[in-house]
Amino acid sequence: MTMLMSKIIGDKRRYRQYKERVKRLPEDYRTATEAIERYLMHFVPADNESAISEFEDLAELFEQAASDGTPIREVVGDDPAEFAEEFARNYTKGGYAPDKERQRLLRGIERATGEQGAG
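About the criteria used
Residues numbered from 1 in each chain as written. Predicted model: local features only at pLDDT ≥ 70, side-chain atom pairs only at ≥ 80, totals over all residues. Heavy atoms only, no water. Core = buried A, V, L, I, M, F, W, Y, C linked by side-chain atoms within 4.5 Å. Buried < 20%, exposed > 50% of the residue type's maximum accessible area, 1.4 Å probe, protein only. Helix = DSSP H or I, 4+ residues; strand = E, 2+ residues; numbered from the N terminus. Contact = heavy atoms within 4.5 Å. Salt bridge = Lys/Arg side-chain N within 4 Å of Asp/Glu carboxyl O. Expected span 1.5 Å × (residues − 1). Polar contact = N/O pair within 3.5 Å; in protein donor to acceptor, adjacent residues only side chain to side chain. Phe/Tyr/Trp six-rings, centres within 6.5 Å; stacked < 30°, edge-to-face > 60°. Arc of directions from axis to C-beta.

**Q** I'd like a rundown of the nonpolar core, residues and numbers included.
**A** Within soluble globular proteins, side chains that are nonpolar tend to cluster in buried spots. Ranked by size, the top nonpolar core spans 29 residues in total, and within it Ile 36, Leu 40, Phe 62, Val 76 and Leu 105 carry the most contacts. Of all the elements in the fold, those that place two or more residues in this core are α2 (12-23), α3 (27-40), α4 (48-68), α5 (72-76), α6 (80-89) and α7 (99-113). The residues touching Phe 62, leaving out its near neighbours within four places in the chain, are Leu 25, Tyr 29, Ala 32, Thr 33, Ile 36, Ile 72, Val 75 and Val 76.

As structure tokens, this is what we get:
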């Protein structure tokens, strides 16, 4: 698994730093970031540098949102899958996310925003 992750993510040191940044986020922003991260893992990065840059940029986006008090829904909109797919297009040559992962992402954002059972 570690070898696979290093092929996907690239620089392990940078990935660990990214994970530490996410850990420091307020719980709801951390939950949202982790849900998006999990979803983004199903997209094919252009290269290892793009993959780690994608996650670092994701952390920065949610750090800024948390700092500014921007609600998660203002960041991800009504369709978190669409948000994540658009975000991934900046870093991928293509991508694939099965419906199961779309549903997992939607549930993660609902947990982060306190919307369980909504919809």
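More follows now that the structure is in view.
**Q** How would you summarise the pattern of salt bridges if you had to cite specific residues and measurements?
**A** Applying the stated rule across the entire model yields 7 salt bridges. Across the salt bridge formed by Arg 89 and Glu 86, the nearest N and O atoms sit 2.8 Å from each other. Highlighted residues: Arg 89 and Glu 86, both in helix α6, separated by 3 residues, approximately one helical turn. Exposure remark for Glu 86: the relative accessible area of 46% places this residue in the partly exposed category.

**Q** Outline α7, listing residues and values.
**A** When the terminal C-alpha atoms of α7 are compared, their 21 Å separation across 15 residues agrees well with the 21 Å that a helix rising 1.5 Å per residue should span. Within α7, the full set of buried residues consists of Glu 101, Leu 105, Gly 108, Ile 109, Glu 110 and Ala 112. Buried residues in α7 make contact with α3, α5 and α6. Gly 114, located one to two residues past α7, shows a positive phi value of around 70°.

**Q** Which residues make up the environment of Thr 113, and what values do they have?
**A** By the secondary structure assignment, Thr 113 is in helix α7. As a C-alpha pair, Thr 113 and Asp 28 span 85 residues in sequence and 6.6 Å in three-dimensional space. A polar side-chain atom of Thr 113 sits 2.9 Å from the main-chain carbonyl oxygen of Ile 109.

**Q** Tell me about the packing of aromatic side chains, and please be specific about residues and values.
**A** Counted according to the given criterion, the structure contains 5 aromatic pairs. Ring plane angle 40° and centroid distance 5.5 Å describe the contact between Phe 87 and Tyr 91, whose orientation is recorded as tilted. A relative accessible area of 13% places Tyr 91 in the buried class.

**Q** With reference to specific residues and values, describe α2.
**A** With 12 residues, α2 ought to run about 16 Å at 1.5 Å a step, and its terminal C-alpha atoms sit 16 Å apart, in line with that. Listing the buried residues of α2 in full gives Arg 14, Tyr 15, Tyr 18 and Val 22. End-on view of α2: buried residues confined to an arc of 100°, all on one side of the axis. Relative to its buried face, α2 has exposed residues pointing more than 90 degrees away, namely Arg 16 and Lys 23.

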